[in-house]
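Results of the structural survey
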Amino acid sequence: MERLQQILTTFDNWLWGNWLLYVLLGVGILYTTITGGIQIRHFGYILKKTLWEPIRARGGDSKESGTISSFQALCTAVASCVGSGNIVGVSTAVLAGGLGAIFWMWVAAFVGMATKYGEIILGMLYREKDESGAYVGGPMYYIKKGLHAPWLAALCACFMVTQIIGGNFIQSNTISGVMKENFGVPVLVTGVALVVLIFVITLGGLTRLAHVAQRLVPAMACVYVIGGLLIILVNIGKVPGVLADIFAGAFGLRAMAGGAAGSMIIAMQRGVARGLYSNEAGEGSAPVIHSAASVNHPVEQGITGVTEVFLDTFVLCTITGLVLGVTGVLDSGLPGNVLMIHAFSTVWEPLRYVVALSLLLFSTTTLMSQWYFGFVGLNYLFNRSAAEKFKYVFPCFCIIGALAEIELVWTIQDIALGLLTIPNLIAMLVLWPKVRKATREFFAVERK
């Protein structure tokens, strides 16, 4: 088993090496260019349509059978990509690359906005209705119909199902660990509770998942944002210095081992990796959920991808980075998995539970969303009837995840995600004219 772990780890390190990060950045630059800088030129319009207007209208359900509303799709997608990585992952990246990693995280998120916008549009353009009349879509559908490569699409679906099962183990393990360390709840009790909770959600299908996400995601984001802003306000005098460290560290102007050039490269690697991993732009997951949305034009749903990355990285991950900087915990010697808990407790000890609660909410919402990816993957490979059975199987994995040692699972899940990302990026590099055409058509009408 140890030898297998070593082999898989070596392959995982190569798969998620710098070359894949550069390809992800390159695709983001391509889509930023062909959309005319969608994340800059239309940012105000995007926030108005995807956040302000839906919140004022208090969300709402889709009127079309077999679909969810655009805002529900956004909340469900945010639930999926916002996880423990927004707290623990950012802490680890900053520990390794310094505060300069935050700048490169922003760079990755900036181009990632256009990437996610593009892949969602492709999902909408190539989605299908299954035998029940519900819309299904994702990278396997535009790979099959856009690239005319059904064999690659089938592999993509297999990688998606594998990655989701591994993701269940990881999120369940994270939740059980938080419950045990902070609230003294036995891991078995947490595992059983997760089985019941996820079963109740999956039994109601995508509609119930969307309803839960629509209510839970804004609440969980507010808890973490308000808590983080409180810490920053208490230390407001240190913010200018932290911002200076972020920009100086990004370009190697803060001394680290390896000199200026070396520290810049480390900051870039850690920041770009965290930005891309956190918001999932280019990985092919977002189109699966967004393809179920009821809209009049693909771009109407595509713009929610810009908002999704903005909330995930520019809001949540940035708050994590600033809190780490202003509280001075980076020199504490503590590991990344407890660093933010310590940072909050420096202001007032009970505030540590804000981080614990946020970790629980982030991981739980990710977990409850993941079954749908597996459902769509199995629906593609087999049929809806076979995929429906996954609703009953998926929650049971929570027990295994809560109880197991999952180092090997982390590696397998990473590999499956990488193997899912590559064919998605290939499709995006080939099908970009479709996105440019849709963008020009939509905004030509909107400007009139």
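Right, let's walk through the structure included here. Small disclaimer: the values here were computed from a predicted structure and weren't measured.

All right, on to the overall build of the protein then. Helices and strands together make up the secondary structure of the protein, namely 21 helices and two strands. Relative to the globule expectation of 22 Å for 448 residues, the C-alpha radius of gyration of the protein, 21 Å, shows essentially globular dimensions. Each principal axis of the C-alpha atoms in the protein carries an extent, and together these give about 55 × 55 × 50 Å. When burial is assessed residue by residue, the protein has 58% of its 448 residues classed as buried. Restricting the contact set of the protein to residue pairs at least 6 apart, pairs at least 24 apart contribute 83%.

Contact pair helix α7 (residues 100-126) / helix α12 (residues 239-250): the axes reach a minimum separation of 6 Å and the direction vectors enclose 75°. In terms of their interaxial angle, α7 and α12 are classed as roughly perpendicular. Here Gly100, Ile102, Phe103, Trp104 and Trp106 of α7 lie close against α12, whose contacting residues are Asp245, Ile246, Phe247, Gly249 and Ala250. For the contact of α7 with α12, the per-class residue count stands at seven nonpolar, two polar and one charged.

The subject of this paragraph is helix α2 (residues 18-34). Helix length check: α2, at 17 residues, gives a terminal C-alpha distance of 24 Å against a target of 24 Å (1.5 Å per residue), a fit within 8%. Turning to α2, its buried residues are Leu20, Leu21, Leu24, Leu25, Val27, Gly28, Tyr31, Thr32 and Ile34.

Moving on, we get to the pattern of salt bridges. Evaluated as defined, the whole model comprises eight salt bridges. Across the pair Lys144 and Glu128 runs a salt bridge whose closest N-O atoms are separated by 3.1 Å. Of the two residues, Lys144 sits in helix α8 (residues 139-146) while Glu128 sits in strand β1 (residues 128-129), which places them 16 residues apart along the sequence. Glu388 serves as the salt-bridge partner of Arg384, at 3.3 Å between the closest nitrogen and oxygen. In this pair, Arg384 and Glu388 both sit in helix α18 (residues 384-388), four residues apart, roughly one turn of the helix.

Turning next to the nonpolar core. Ranked by internal contacts, the top residues of the largest apolar core, which has 137 residues, are Tyr117, Met340, Phe344 and Tyr372. When residues in this core are grouped by element, the largest group, 16 residues, is from helix α17 (residues 352-381). Those residues within four positions of Tyr117 in sequence are excluded, and the remaining contacts are Thr35, Ile38, Val299, Gly302, Ile303, Val306, Val435, Thr439 and Phe443.

Under the 1.5 Å per step criterion, the end-to-end length of α12 is 17 Å for 12 residues, consistent within 8% with the ideal 16 Å. Those residues of α12 that sit buried are Val239, Val242, Ile246, Ala248, Gly249 and Ala250. At the exit of α12 stands Gly252, carrying a positive phi of roughly 75°.

Enumeration according to the criterion identifies 21 aromatic pairs in this entry. Between Trp371 and Phe375 the ring centres are 5.7 Å apart and the planes differ by 65°, which places this aromatic pair in the edge-to-face class. Of this pair, Trp371 and Phe375 are both found in helix α17, four residues apart, which corresponds to roughly one turn of the helix. The pair Trp371 / Phe375 is uniform in exposure class, with both members buried. One aromatic cluster is present, formed by Phe103, Trp104, Trp106, Phe247 and Phe251 through successive ring pairs. Over the ring of Tyr135 we find Arg127, and its NZ or CZ is 3.6 Å from the ring centre.

Here we come to the environment of Trp410. Residue placement: Trp410 occurs in helix α21 (residues 407-446). Each C-alpha atom, one on Trp410 and one on Pro423, is 21 Å from the other, the two residues being 13 residues apart in sequence.

Before going further, it helps to spend a moment on unusual backbone geometry. Although it is not a glycine, His148 adopts a positive phi angle of roughly 55°. Inspection of the secondary structure assignment puts His148 in the loop between α8 and α9 (150-183). In this structure, Glu280 is a non-glycine residue whose phi angle is positive, near 65°. Position of Glu280 relative to the elements: it lies in the loop between α13 (259-279) and α14 (286-290). On the basis of relative accessible area, Glu280 is assigned to the buried category, the value being 14%.

This part takes up the environment of Gly83. Mapping Gly83 onto the fold places it in the loop between α5 (70-81) and α6 (88-97). Excluding anything up to four places from it in sequence, Gly83 contacts Phe362 and Thr366.

Our next topic: the environment of Gln413. Relative to the helices and strands, Gln413 is located in helix α21. Taking C-alpha positions, Gln413 is 9.5 Å from Phe169, a pair spaced 244 residues apart along the chain. With sequence-adjacent residues up to four places away left out, Gln413 is seen in contact with Gln163, Gly166, Gly167 and Ile170.

About the cut-offs
Residues numbered from 1 in each chain as written. Predicted model: local features only at pLDDT ≥ 70, side-chain atom pairs only at ≥ 80, totals over all residues. Heavy atoms only, no water. Helix = DSSP H or I, 4+ residues; strand = E, 2+ residues; numbered from the N terminus. Rg over C-alpha atoms; globule rule 2.2 N^0.38 Å. Buried < 20%, exposed > 50% of the residue type's maximum accessible area, 1.4 Å probe, protein only. Contact = heavy atoms within 4.5 Å. Axes fitted to C-alpha atoms, helices over the stretch in contact; angles between N-to-C directions. Parallel < 35°, antiparallel > 145°, perpendicular 65-115°, else oblique. Nonpolar A, V, L, I, M, F, W, Y, C, P; charged D, E, K, R; others polar. Expected span 1.5 Å × (residues − 1). Salt bridge = Lys/Arg side-chain N within 4 Å of Asp/Glu carboxyl O. Core = buried A, V, L, I, M, F, W, Y, C linked by side-chain atoms within 4.5 Å. Phe/Tyr/Trp six-rings, centres within 6.5 Å; stacked < 30°, edge-to-face > 60°. Lys NZ or Arg CZ within 6 Å of the ring centre and 35° of its normal.

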